[in-house]
Amino acid sequence: MDRIRQKVIVKSVFYFGVFVFVLTMNSISALAKDKKDKVMNRVEQGDAQAQYELASRYENGDGVRKSIDDALKWYRKAAENGHAGAQVDLGWFYQNGQYTEKDVKQAVDWYAKAANQGNSQAQLNLAVLYDEGIDLPENNELAVKWYKLAVVQGNVPAKLNLGINYWKGEGIEQDYEKAWNMLNDVRMTAFDKKAKWRARDVLDQIKGELGVADRFDEFSYPSWEKLKAGFGGHLRG
């Protein structure tokens, strides 16, 4: 009798587990459908954020059939309705020829729309295009303008690039002090290891140009004030 009871208990637990699993899956499916319906309602009302979310779903096949054509359609609608994130994504697609034919002019147009809304990623992308003259005339002054706006918002890659522009005097008057301070800040605070090493590399070159490389060891990057103080307040360059 004990064995029979054990079998009954095991079967009961098994079927109860199946019941809970099915109920959970149905609940998840219902929640997903409800979320999708809410997004679609907002899309139909012209909500730019909802249009952006729908575009992302089509791009990644998240809850819908993956369709790059539909993704581009809704990214464009969201961008035309002023969604800065969609404008940045469209700019990136056009800049790199991803999902569409490469068109840097359109990339610049979409980045500019987002940049003028204060989107720091768009400001950085726009600055890099002008700074490096990527498929358009080089314009260091415009690059510096957009780098500065992005830096105000804490964009670290923009600070790195602006520091390099101050070092080289490209698009702005050469200023070793500002270059040193910006690059040293990137070296100390950036999470991106590549940014840290790039900042260190330029700082080392600045030490060489100022004639102080032999006075500080390879891994010494003092503040600008300490750098000056060590040489009586005078630096070559």
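Our subject is the structure listed above.
For clarity, every value in this text was computed on a predicted model and none was experimentally measured.

J.: Tell me what's going on with the packing of helix H3 (residues 68–80) against helix H4 (residues 84–96), and back it up with residues and numbers.
T.: Remark: H3 packs on H4, axes separated minimally by 8 Å, with the N-to-C direction vectors making an angle of 130°. As far as their axial angle goes, H4 and H3 are oblique. Every pair of crossing elements has a handedness; the one defined by H3 and H4 is left-handed. Note on element contacts: H4 touches H3 through Ala-86, Gln-87, Asp-89, Leu-90, Phe-93 and Tyr-94, opposite Leu-72, Tyr-75, Arg-76, Ala-78 and Ala-79. Tallied by class, the residues present in the contact of H3 with H4 amount to eight nonpolar, one polar and two charged.

J.: Just give me the short version of helix H6 (residues 120–132), but keep the residues and values in it.
T.: Helix length check: H6 (13 residues) gives 18 Å between terminal C-alpha atoms against 18 Å at 1.5 Å per residue, within 8%. Taken together, the buried positions of H6 are Ala-122, Gln-123, Leu-124, Asn-125, Leu-126, Ala-127, Leu-129, Tyr-130 and Asp-131. Of the surrounding secondary structure, the elements contacted by the buried residues of H6 are H4, helix H5 (104–115), helix H7 (140–152) and helix H8 (156–168). The opening residue of H6 is Asn-119, an N-cap whose side-chain oxygen sits 3.1 Å from the backbone nitrogen of Gln-121.

Cut-offs applied
- Residues numbered from 1 in each chain as written.
- Predicted model: local features only at pLDDT ≥ 70, side-chain atom pairs only at ≥ 80, totals over all residues.
- Heavy atoms only, no water.
- Axes fitted to C-alpha atoms, helices over the stretch in contact; angles between N-to-C directions.
- Helix = DSSP H or I, 4+ residues; strand = E, 2+ residues; numbered from the N terminus.
- Parallel < 35°, antiparallel > 145°, perpendicular 65-115°, else oblique.
- Left-handed = near helix turned anticlockwise from the far one by under 90°.
- Contact = heavy atoms within 4.5 Å.
- Nonpolar A, V, L, I, M, F, W, Y, C, P; charged D, E, K, R; others polar.
- Expected span 1.5 Å × (residues − 1).
- Buried < 20%, exposed > 50% of the residue type's maximum accessible area, 1.4 Å probe, protein only.
- Polar contact = N/O pair within 3.5 Å; in protein donor to acceptor, adjacent residues only side chain to side chain.

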